[in-house]
Amino acid sequence: MKKQFKIFPLRKIMCLVFRVLDGINAIRLRRIWIGFTAYMGEYLLSVPNNATQKTGSKASKVVEFISSTAIKFSLAMIIVTATSISIGHTAGKTVGSIETVRQGKDVADTLRMLYWQAPVSILPYKNRAYKDIEACRFIYEPLATFNIDGRLIPILAAKIPSLENGGLSADRKSVIWKLKQGILWADGTAFTADDVIFTYEYIMNSKHNVDQSFKAIYSIIQNIEKIDTCTVKLNFKMPNSTWALPFTGKYGMIIPRHIFKPVMKTGFSDNAFNRQAVGTGPYRLVEFLTEETLIIGGNVVSMIKAVYESNPFFREPGKPAFSRIELRGGGDAASTGQAVLMDGTADFAFDLQINFETLKRLETGDKGRIMQLFGSDVEFIMLNSTDPKWDVKDGEHSSLKYPHPFFRDKRVRQAIAHSIDRDTIAALYGKTGRPARNVVVSPTGYRSSNPHYEFDLKKAAALLEDAGWKDHDGDGIRDKKGVRLRLRYQTTITPLRQQIQEIVKRGLNSIGIEVDLRAIESSIFFSKDASNEDRVRFFYADLQEYYSGNSSPDPLSYMKRWHSDFIPRKANNFKGHNFERWANFEYDNLYKQSIIEADPEKRRQLIIRLNDMVVDEVVRIPLVNKAVINAASNTLEGIELTPWDAVVWKIKDWKIKD
């Protein structure tokens, strides 16, 4: 039998090392060391193992040994850091031990979850990042949500409104929601129509700094009427085909009026509400701790521990099965995957953004299984329509006043699109990804079949020649009027994305475009810190890569992000998700037409046209339709996934197999 390396003895050794380092005031040195081991563990596990082509070779065994040891050492460093040394909310306090993490399975009602991207807030509507929505959905619920088939099913609502039952008006200018009776918040207070109305008021109040993507969904509402304690009527500003989106799915969580109302005037504190999150869901939050920071790639990564306990007032008898959930966030995707699939030190790992070779190695473990779900998520490259290098008088880069010096010529954008080798990129994902040529890939009825840009380096080079970009000095890089064709291309730090960057760079180099690659830690890349110039919404680069997709089976609200009203700029405090800063009058009008179109087929064709405009104008270059990859223990059952809500949307049904 293959020898298994143990983390526990290593923990004892490292704790001793930490005590020595603390004694000589070398905390920064300690963090650098931990960060280095975590990064190397992920890197070594993800490196393509050319040596294994010769089965049984010495090189193969050496690489396998190094990879296995490194990733286990990496995991040990992360867990030891999170459990042995505490800072922030828990400075000077030990919050747990490695034995608790490893032996949590002995306590049958404790579920251990790992999120390699740490949530930063349990305050709904504060952040649209999946990791933060996930952390909220243990607690807060919508009126209804969409299952895997795209069918709307009730949660807090008594039934789904329709034309047949009178809930939806014939002109689609209003909808009536009837609420389930007898539902209580986790503190025993009754859930009523007032909470639904308050949630809308909270979202639309400019003082609360609600993420613009949430406001976009609720901005279609003119007002909400309270018909009775358990009935509300939503009146829309115009006939609206997206009536089913407000208060549904992961963007529809209802918050308690009696908790939030008292501090409406003073503002909301993340820390305060992270400590007293009360919802109607199966769990309530009892602890939210910043445990430690790691320095990885020169960036600081926060380790988070969130502890949930079952809601004593939850409406379904005997549920949830687990009385306690421990969610740890931070570290790297490979380590969290290994903890579930190979080591059995955790029960569930969320969103494993790792390449297929790494995933295959992790699947050789016998402790867990991969749960794969294709939805609407597309990995893409966006092109900046403005000049990120130009600084206007008021200090704003990427300003609409200054179009991009290269991309204003569509031929340059088209050349870039033709240089992208999607098939090679998709191969990195194996069975977990497939080439994407549209920004809307799901539901399939909205997927365009119109031809887009194929991989063609000769055509790409010809387009640049035609645009006047030539290699005048023979150094391999094109120039025009003394200016080199050089681009900055940024994304987050993961081995998979760095591999994609190299493939894209290779294609661009081959047609004479110089590329400067940047990799940014995800908590920094998606930060809301206004002083952080690496924020995704600032987009101080030429090319930018990550992934997103429509959050419901109705893609129209997703297409709203390219409306010119949603361009982030200093004047609107950089709100809005048109990060490309693309302004197109035709697109804006087509979107408005789609909102009021009642005929389903005509509306479907309008959405396809919106998709085609974004792709054909090379505003965004789709790369891969990626599956969401999660890892679950072999002993865990009851998990039901949907691409239209959080992974934990039915956490009440999760349980250990009998």
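Residues numbered from 1 in each chain as written. Predicted model: local features only at pLDDT ≥ 70, side-chain atom pairs only at ≥ 80, totals over all residues. Heavy atoms only, no water.

## Here's the deal with the packing of helix α18 (residues 585-596) against helix α19 (residues 600-616)
Right, on to step 1. Running from amino to carboxyl end, α18 crosses α19 at an angle of 160 degrees, the nearest separation of the two axes being 9 Å. If you check the angle between α18 and α19, you find them roughly antiparallel. The handedness of the crossing between α18 and α19 is left-handed. Contact residues: E586, Y587, L590, Y591, Q593 and S594 in α18; R603, L606, R609, L610, M613 and V614 in α19.
Right, on to step 2. Taken together, the residues that form the contact of α18 with α19 break down as 7 nonpolar, 2 polar and 3 charged. (Axes fitted to C-alpha atoms, helices over the stretch in contact; angles between N-to-C directions. Helix = DSSP H or I, 4+ residues; strand = E, 2+ residues; numbered from the N terminus. Parallel < 35°, antiparallel > 145°, perpendicular 65-115°, else oblique. Left-handed = near helix turned anticlockwise from the far one by under 90°. Contact = heavy atoms within 4.5 Å. Nonpolar A, V, L, I, M, F, W, Y, C, P; charged D, E, K, R; others polar.)

## Examining empty space enclosed by the protein
Right, on to step 1. Following the criterion strictly, the structure yields 7 cavities of 30 Å³ or more and no others.
Right, on to step 2. Its boundaries defined by the atoms lining it, the largest cavity holds a volume of some 400 Å³.
Right, on to step 3. Forming the walls of the largest cavity are 24 residues, and the residues nearest its centre are R128, A129, Y130, F526 and Y546.
Right, on to step 4. Taken together, the elements giving at least two residues each to the lining of the largest cavity come down to α5 (130-137) and β19 (543-548).
Right, on to step 5. With 3 residues, the single largest contributor to the lining of the largest cavity is β19. (1 Å grid on protein atoms, 1.4 Å probe; cavity = no way out; pocket = protein on both sides within 12 Å on 5 of 7 lines; lining within 4 Å. Points joined across faces, edges and corners; volume = space filled by probe spheres on them.)

## A short note on the nonpolar core
Right, on to step 1. Judged by nonpolar contacts, the single largest core of 81 residues is most densely connected at F138, L143, W177, F247, Y308 and W654.
Right, on to step 2. The element contributing the most residues to this core is helix α6 (residues 193-204), with 7 residues.
Right, on to step 3. Excluding its chain neighbours within four sequence positions, the residues that come into contact with Y308 are I122, A135, F138, I139, Y283, R284, L285, V286, S323, R324, I325 and L327.
Right, on to step 4. The next biggest cluster of nonpolar side chains, apart from the first, holds 36 residues, and it includes V412, A417, L464 and V618. (Core = buried A, V, L, I, M, F, W, Y, C linked by side-chain atoms within 4.5 Å. Buried < 20%, exposed > 50% of the residue type's maximum accessible area, 1.4 Å probe, protein only.)

## Notes on the sheet that holds strand β6 (residues 231-236)
By definition, the strands of a sheet pair up through backbone hydrogen bonds, in either a parallel or an antiparallel sense.
Right, on to step 1. Taken together, 3 strands build an open sheet; the order of strands is β4-β6-β5 and the sheet is antiparallel. Edge positions in the sheet fall to β4 (174-178) and β5 (221-228), since each has one partner strand and no second. Direction aside, neighbouring strands of the sheet carry axes that sit 20 degrees apart on average.
Right, on to step 2. Sheet topology places β5 next to β6; 6 bridges connect them, and they run antiparallel. When the bridges of β6 are listed, E225 appears paired with K233.
Right, on to step 3. Here α6 sits on the sheet in contact with β5 and β6, set at roughly 165 degrees to β5. (Pairing = 2+ DSSP bridges.)

## Things to note about helix α12 (residues 410-418)
Right, on to step 1. Of all 9 residues that make up α12, 7 are buried, and the element is covered over most of its length.
Right, on to step 2. When we look at burial in α12, the residues that qualify are V412, R413, Q414, A415, I416, A417 and H418.
Right, on to step 3. Tucked into the core, α12 has its buried residues touching β11 (368-383), α14 (457-466), β17 (486-492), α15 (495-510) and β20 (620-633).
Right, on to step 4. Taking the backbone nitrogen of R411 as reference, a side-chain oxygen 2.9 Å away marks D409 as the first, capping residue of α12. (Polar contact = N/O pair within 3.5 Å; in protein donor to acceptor, adjacent residues only side chain to side chain.)

## Brief notes about the pattern of salt bridges
Right, on to step 1. What the rule picks out here adds up to 33 salt bridges.
Right, on to step 2. A salt bridge links K131 to D132; the nearest nitrogen and oxygen atoms lie 3.1 Å apart. By the burial criterion, K131 is buried, and D132 matches it.
Right, on to step 3. One continuous salt-bridge network, built from bridges that share partners, spans E316, K319, E640, K650, K652 and D653. (Salt bridge = Lys/Arg side-chain N within 4 Å of Asp/Glu carboxyl O.)

## Side note on the confidence of the model for the protein
Right, on to step 1. Summarising the model, the protein shows a mean pLDDT of 82, and 79% of its residues fall at 70 or more.
Right, on to step 2. Every residue in residues 1-107 scores below 50 in pLDDT, and together they form 168 contacts with partners more than four places removed in sequence or on other chains.
Right, on to step 3. Below a pLDDT of 50 lies the segment residues 295-299, which in the model reaches 16 contacts outside its immediate sequence neighbourhood of four places, other chains included. (pLDDT = per-residue confidence, 0-100.)

## Here we look at the pairing of β11
Right, on to step 1. Counted residue by residue, β11 has 13 buried out of 16 residues, so it is predominantly covered.
Right, on to step 2. By the bridge criterion, 12 bridges tie β11 to β20 in an arrangement that is antiparallel. Note on β20: the bridge partner recorded for L373 is V628.

## Quick notes on the pairing of strand β9 (residues 324-329)
Right, on to step 1. In terms of burial, β9 is largely enclosed, as 5 of its 6 residues are buried.
Right, on to step 2. Note that strand β1 (residues 110-115) and β9 share 6 bridges and pair parallel. Considered in β9, the bridge of T110 is made with R324.

## Remarks on the packing of aromatic side chains
Right, on to step 1. Considering all chains together, one arrives at 20 aromatic pairs under this definition.
Right, on to step 2. The structure contains a cluster of three or more aromatic residues connected by ring pairs, namely Y125, Y202, F214, Y218, F247, Y251 and F260.
Right, on to step 3. Positioned above the aromatic ring of F380, the side-chain terminus of R620 is 3.8 Å from the ring centre. (Phe/Tyr/Trp six-rings, centres within 6.5 Å; stacked < 30°, edge-to-face > 60°. Lys NZ or Arg CZ within 6 Å of the ring centre and 35° of its normal.)

## Quick notes on unusual backbone geometry
Right, on to step 1. The step from K319 to P320 runs through a cis peptide bond, and the omega angle for that step is 0 degrees.
Right, on to step 2. Relative to the elements of secondary structure, P320 occurs in the loop between β8 (299-310) and β9.
Right, on to step 3. With omega at -5 degrees, the peptide bond leading from S442 into P443 counts as cis.
Right, on to step 4. Inspection of the secondary structure assignment puts P443 in the loop between β14 (433-435) and α14.

## Focus: the side chain of K652
Right, on to step 1. Mapped onto the elements, K652 comes out in the loop between β21 (636-637) and β22 (655-656).
Right, on to step 2. For K652, a relative accessible area of 17% corresponds to the buried category.
Right, on to step 3. A polar atom in the side chain of K652 sits 3.3 Å from the side chain of E316.
Right, on to step 4. A polar contact of 3.2 Å, which involves the side chain of K652, links it to the side chain of D653.
Right, on to step 5. Not counting residues within four places of it along the chain, the set of residues in contact with K652 comprises P282, F314, E316, K319, P320 and A321.

## Structural notes on the packing of α12 against α14
Right, on to step 1. Where α12 meets α14, the closest approach of the two axes is 8 Å, and the angle between their N-to-C directions is 165 degrees. It follows that α12 is roughly antiparallel to α14 by the angle criterion. In this structure, α12 meets α14 at a crossing whose hand is left-handed. Note on element contacts: α14 touches α12 through L457, K459, A460, L463, L464 and D466, opposite R411, V412, Q414, A415 and H418.
Right, on to step 2. Here the residues of the contact of α12 with α14 sort into 6 nonpolar, 2 polar and 3 charged.

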